[in-house]
Amino acid sequence: MKVRENEKKRDHIRFNGHDIALVATMLDRLNSTIDIMYFLMERKEERAFVIMLISAEDIDMEALIGKEKRETDIMFEIDVGENLYAIVCQDTQIDGGYHFAERLVQKMMEKGGKHVYCSELEVRSTTYKIRYIIYRLMELFIQTKQNSQENEVVFKALN
C-alpha cells in the first residue's frame, strides 16, 4: 500500500474505510453490553472490566474462545472474514485480563493459529463515553498490527 509522504509523519493512527466499518459494527454489538457494565459499576457490583479485540488466521477462534472464557465473559464476532472477536470480561482487572489474553494467544498458537493479534483495554471508571472506549480499543488494535506485535498481548488501562 502506498502512503503519501504527509501521512507518514503523523504520530496518530489513521482509520481507513474498513477500520471505520469495523468500529461501526463494534458500536452496534458492544454498546448495550458496555452500558450494562457501567450500570453494574455504578451500583458497585463491578469494579472494572476488560474489553479485548483478538484475531488469528487458520483457527476456529469461536470454538477456542468458547472453551477458554468464563461463563461471565461475553464474546462477540466482529468480522468473520478477518476472524476478529471482541470479548468483554466482567469484574476483571489488569492482571486477570492480561493472563486470560496470554492464555488465549498461547492456545491459538498451539492449535496452529497464525498472525495472532490481541489488544485489551481495562476500564475502571464510567466517566468515558462508550464510543470512546470502542474507538480507543480499535486504535490500540490497529497500532498492535502496525507495530507487528504478533503473538503478543498489548494492554492499556483507561484511568
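From a predicted model like this one, the values you see are computed outputs, not experimental measurements. (Residues numbered from 1 in each chain as written. Predicted model: local features only at pLDDT ≥ 70, side-chain atom pairs only at ≥ 80, totals over all residues. Heavy atoms only, no water.)

Q: It is not clear to me how the overall build of the protein should be interpreted in this structure. Could you clarify?
A: Check the secondary structure of the protein and you find five helices and five strands. When the elements of the protein are put in sequence order from the N terminus, they spell out α-α-β-α-β-β-α-β-α-β. Computed over its C-alpha atoms, the radius of gyration of the protein comes to 15 Å, within 12% of the 15 Å expected for a compact globule of 159 residues. Overall, the C-alpha framework of the protein stretches about 50 × 35 × 25 Å when taken along its three principal axes. Expressed as a percentage of its 159 residues, the buried residues of the protein come to 44%. (Helix = DSSP H or I, 4+ residues; strand = E, 2+ residues; numbered from the N terminus. Rg over C-alpha atoms; globule rule 2.2 N^0.38 Å. Buried < 20%, exposed > 50% of the residue type's maximum accessible area, 1.4 Å probe, protein only.)

Q: What should I look at first to understand helix H4 (residues 94–110) in this one?
A: For an α-helix, the turn length of 3.6 residues means that residues three or four places apart are oriented alike. Taking 1.5 Å per residue, 17 residues should reach 24 Å; H4 reaches 24 Å between its end C-alpha atoms and fits that length. Turning to H4, its buried residues are Gly97, Phe100, Ala101, Leu104, Val105 and Met108. Burial along H4 is one-sided: seen end-on, the buried residues are contained in an arc of 135°. Opposite the buried face of H4, by more than 90 degrees, sit the exposed residues Asp95 and Glu110. As for H4, its buried residues are in contact with strand S1 (49–57), helix H3 (61–68), strand S3 (84–89), strand S4 (114–123) and strand S5 (153–158). One or two positions beyond H4, positive phi appears at Gly112, with a value near 95°. (Expected span 1.5 Å × (residues − 1). Arc of directions from axis to C-beta. Contact = heavy atoms within 4.5 Å.)

Q: What exactly am I supposed to notice about the side chain of Thr33 here?
A: Position of Thr33 among the secondary structure elements: in helix H2 (residues 17–42). Residues contacting Thr33, with those up to four places away along its chain left out, are Ile74, Phe76 and Val88.

Q: What should I look at first to understand the sheet that holds S1 in this one?
A: Strands pair in a sheet through their backbones, by hydrogen bonds, and they do so in one of two ways: parallel or antiparallel. Within the open sheet, the five strands sit side by side as S2-S3-S1-S4-S5. Their pairing is mixed. With one partner strand each, in any of the chains shown, strand S2 (74–79) and S5 form the two edges of the open sheet. In this sheet, adjacent strand axes meet at a mean angle of 15° when their direction is disregarded. Inspection of the sheet shows S2 paired to S3 by five bridges, in the antiparallel sense. Of the residues in S3, the one forming a bridge with Asp79 is Leu84. Those strands touched by H4 are S1, S3, S4 and S5, and its axis lies near 170° from that of S4. (Pairing = 2+ DSSP bridges. Axes fitted to C-alpha atoms, helices over the stretch in contact; angles between N-to-C directions.)

Q: It is not clear to me how the environment of Leu140 should be interpreted in this structure. Could you clarify?
A: Mapped onto the elements of the fold, Leu140 is located in helix H5 (residues 130–146). Sequence-wise, Leu140 and Cys118 are 22 residues apart; in three dimensions their C-alpha atoms are separated by 9.4 Å. Setting aside anything within four residues of it in sequence, one finds Leu140 in contact with Ser119, Glu120, Leu121, Val154 and Lys156.

Q: What exactly am I supposed to notice about the environment of Tyr38 here?
A: Note on placement: Tyr38 falls in helix H2. Taking the C-alpha atoms as reference points, Tyr38 and Phe49, 11 residues apart in sequence, are found 9.4 Å from one another. Residues in contact with Tyr38, not counting those within four places in the same chain, are Phe49, Val123, Ser125, Thr126, Tyr128, Ile130 and Ile133.

Q: How do you make sense of the confidence of the model for the protein when you look at a structure like this?
A: Keep in mind that low pLDDT regions are not for reading the predicted coordinates in detail. Across the protein, the average pLDDT comes to 89, with 91% of residues at 70 or higher. Note on residues 1–10: pLDDT is under 50 here. Beyond four places in sequence and across chains, it has two contacts. (pLDDT = per-residue confidence, 0-100.)

Q: What is the right way to read the pairing of S1 from this model?
A: Moving residue by residue along a regular strand, the side chains alternate between the two faces of the sheet. In terms of residue burial, S1 counts as a mostly covered element, since eight of its nine residues are buried. Pairing geometry for S1 and S4, over eight bridges, is antiparallel. Residue Val50 lies in a different strand from S4, and its bridge partner there is Glu122. Taken together, the six bridges between S1 and S3 define a ladder with antiparallel strand orientation. Considered in S3, the bridge of Met52 is made with Ile87.

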